[in-house]
Amino acid sequence: MEHIAALLLVIGCSNTMADCRELQVPVSVFASADQCVAERPFALEDVQGQADHVVAQCLAVDPALEDDYDQIVWNVRADGTLDASLSISSLVMASNGVRPEKDYLRQQ
């Protein structure tokens, strides 16, 4: 299995930078940071016209945490710069593996 080294995040905003959203690109994960940087101009071409202002950033992926990342945190400043990072939420889930058998005929 090939590891992901970088993720390309593309954000489209209104002229005022008040309304921003993630834009989908054909390829968003890469085996190297260099591949991500090389693809960035082509991705920007692909989304041209989908928003008034488009910004993109390659985010480094720590191979040790690749399966743990569950959030992309980003903010576009009023000057048009993008601050973004991958993060791991602090949500902890627990479950009980022992479950009583249900009697569907008797339960409502």
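Everything that follows concerns the structure shown earlier in this document.
Just so it is clear, the model here is predicted, and its values are computed rather than measured. (Residues numbered from 1 in each chain as written. Predicted model: local features only at pLDDT ≥ 70, side-chain atom pairs only at ≥ 80, totals over all residues. Heavy atoms only, no water.)

Within this structure, the stated rule accounts for two disulfides. Covalently, cysteine 13 is tied to cysteine 20 through a disulfide, its sulfur atoms 2.1 Å apart. Looking down the S-S bond of the cysteine 13 and cysteine 20 bridge, the torsion is 110 degrees, so its handedness is right-handed. For cysteine 20, a relative accessible area of 25% puts it in the partly exposed group. Put simply, cysteine 36 and cysteine 58 are joined by a disulfide, and their sulfur atoms are 2.1 Å apart. Between cysteine 36 and cysteine 58 the disulfide shows an S-S torsion of about -100 degrees. By sign, it is left-handed. (Disulfide = S-S within 2.5 Å. Buried < 20%, exposed > 50% of the residue type's maximum accessible area, 1.4 Å probe, protein only.)

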